[in-house]
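# Chain and residue survey
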Amino acid sequence: MADSCKEKGKVLLIDPSLVFRPEDAITKSGWEFRRFPEDSGHPHMQQVKQTYLSMHTHQCVDYVQSKHIQWGLFNKFEATVFEALEKLNDLIDESDPDVTIPNIVHAYQTAERLREAYPNDDWLHLTGLIHDLGKIMTFYGEPQWSTVGDTFAVGCKFPESIVYRHTTFHKNPDLNNPKFNTKYGMYEPNCGLQNIYISWGHDEYMYRVLKHNKCTLPDEAFYIIRFHSFYPWHTGGDYMHLCDNRDLEMLPWIKEFNKFDLYTKKEEIPNVEELKPYYQSLIDKYCPGKLNW
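Attention here is on the structure that accompanies the text. Remember, predicted model here, so these are calculated numbers, not experimental data.

## Regarding the nonpolar core
In this structure, Ile130, Leu217 and Trp293 are the most contacted members of the largest nonpolar core, which totals 84 residues. Per-element tally for this core: the top contributor is helix H5 (residues 103-117), with 7 residues. Once you skip the residues sitting within four places of it in the chain, Leu217 turns out to touch Trp123, Leu126, Thr127, Ile130, Leu210, Phe222, Tyr286 and Cys287.

## Notes on the pattern of salt bridges
Per the stated rule, a full pass over the model turns up 14 salt bridges. Glu86 serves as the salt-bridge partner of Lys276, at 3.2 Å between the closest nitrogen and oxygen. Of the two residues, Lys276 is situated in helix H11 (residues 272-286) and Glu86 in helix H4 (residues 81-87); the sequence distance between them amounts to 190 residues. The residue Lys135 makes a salt bridge to Asp132 at a minimum N-O spacing of 3.3 Å. Its relative accessible area of 6% is what places Asp132 among the buried residues. Overlapping salt bridges bring together Glu86, Glu273 and Lys276 as one network.

## A word on the packing of helix H6 (residues 122-130) against helix H8 (residues 219-227)
Relative orientation of the contacting elements H6 and H8 amounts to 20 degrees, with a least axis distance of 10 Å. Of the possible angle classes, the one that applies to H6 and H8 is roughly parallel. Crossing angle aside, the handedness with which H6 passes H8 is right-handed. On the side of H6, the interface is formed by Trp123, Leu124, Thr127 and Ile130, while H8 contributes Glu220, Ala221, Ile224 and Ile225. Counted by class, the contact of H6 with H8 contains 6 nonpolar, 1 polar and 1 charged residues.

## Thoughts on unusual backbone geometry
For Tyr164, which is not a glycine, the phi torsion comes out positive at approximately 55 degrees. Of the residues examined, Tyr164 reaches a relative accessible area of 4% and is grouped as buried. Of note, Lys214 is a non-glycine position whose phi angle comes to about 55 degrees, a positive value. Here Lys214 lies in the loop between helix H7 (202-212) and H8. On the accessibility criterion, Lys214 (69% relative accessible area) is exposed.

## Observations concerning the side chain of Asn258
With respect to the helices and strands, the residue Asn258 is situated in helix H10 (residues 245-263). Here Tyr231 takes part through its side chain, which lies 2.7 Å from a polar atom of the side chain of Asn258. Discounting chain neighbours no more than four positions away, the residues touching Asn258 are Tyr231, His234 and Thr235.

## Some thoughts on the environment of Glu249
Take Glu249: it is sitting in helix H10. Separated by 29 residues in sequence, Glu249 and Glu220 place their C-alpha atoms 9.7 Å apart.

## Focus: the state of the cysteines
Counted under the stated rule, the structure contains 0 disulfides. Cysteine Cys191 remains unbridged, with the sulfur of Cys243 as its closest cysteine sulfur at 8.8 Å. Free cysteine: Cys215, not disulfide-bonded; nearest cysteine sulfur from Cys287 at 3.4 Å. Under the relative-accessibility criterion, Cys215 is labelled buried at 9%.

## Observations concerning the packing of H5 against H6
In contact at an axis separation of 7 Å, H5 and H6 are set at 165 degrees when each is read in the N-to-C sense. When the axes of H5 and H6 are compared, the pair comes out roughly antiparallel. The crossing of H5 and H6 is right-handed. Touching Ala107, Tyr108, Thr110, Ala111, Leu114 and Arg115 of H5 are Leu124, His125, Gly128 and Leu129, all from H6. When grouped by side-chain class, the residues that make up the contact of H5 with H6 number 6 nonpolar, 3 polar and 1 charged.

What counts as what
- Residues numbered from 1 in each chain as written.
- Predicted model: local features only at pLDDT ≥ 70, side-chain atom pairs only at ≥ 80, totals over all residues.
- Heavy atoms only, no water.
- Core = buried A, V, L, I, M, F, W, Y, C linked by side-chain atoms within 4.5 Å.
- Buried < 20%, exposed > 50% of the residue type's maximum accessible area, 1.4 Å probe, protein only.
- Helix = DSSP H or I, 4+ residues; strand = E, 2+ residues; numbered from the N terminus.
- Contact = heavy atoms within 4.5 Å.
- Salt bridge = Lys/Arg side-chain N within 4 Å of Asp/Glu carboxyl O.
- Axes fitted to C-alpha atoms, helices over the stretch in contact; angles between N-to-C directions.
- Parallel < 35°, antiparallel > 145°, perpendicular 65-115°, else oblique.
- Left-handed = near helix turned anticlockwise from the far one by under 90°.
- Nonpolar A, V, L, I, M, F, W, Y, C, P; charged D, E, K, R; others polar.
- Polar contact = N/O pair within 3.5 Å; in protein donor to acceptor, adjacent residues only side chain to side chain.
- Disulfide = S-S within 2.5 Å.

Given below as structure tokens:
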């Protein structure tokens, strides 16, 4: 598979014999993943809902477009991938209902499980390691509700599959705007996900950082990083009317990656120091040196 990455635009194929079985992870951990109760009295779940309430209140077309401009300057700082990754030691994702561990642990859990399942696809191992790295925005003034959590399209109707859909959007300025609250809103049928605005967060930011710095990961990696939090699409089945053929070709990869992203959270914590030399070699191959963020 790795050799075929060299062919520009070619979609890689998933080996069905290596596909991760999430039911095994669920049985092993005894954990129920992605539960978002509306009225939980647990402080952690109250924090999760508050994060989504803030997100769904403020993330509108004007807001998202302003963030593209603000963060698209890539003038916040310079850092290697590892230097940026180290900052995730101090980040606990306030939108995650499953765990309250530093995000760097999740990065290595995801990467190592992908490495086990797809040993010959080093680009996928690195993708697992850096997929959440855009959350570094929280250390440069961006609130978590504008950095973490599930993403959704702005500029068109908010679908039912969005987390807390009926209890958190009542103050969103686009909710009752006739330009934005229809099925297609401001978009054309099958315009392609690359041409729609998605709520601002770490996915879009990290995708843009990698592109700006001319990193050489394959297209599959860029799609995974850009859309892995777009749950209403890849899990909820919404927004298909906005997809083009390229989106549909990439969807199986994003759905496959999602299993590793989600169901590795309760696995053992990897020995980071032992793993660093291997992942440094991948960084040197695909994203070398200092990057502009």
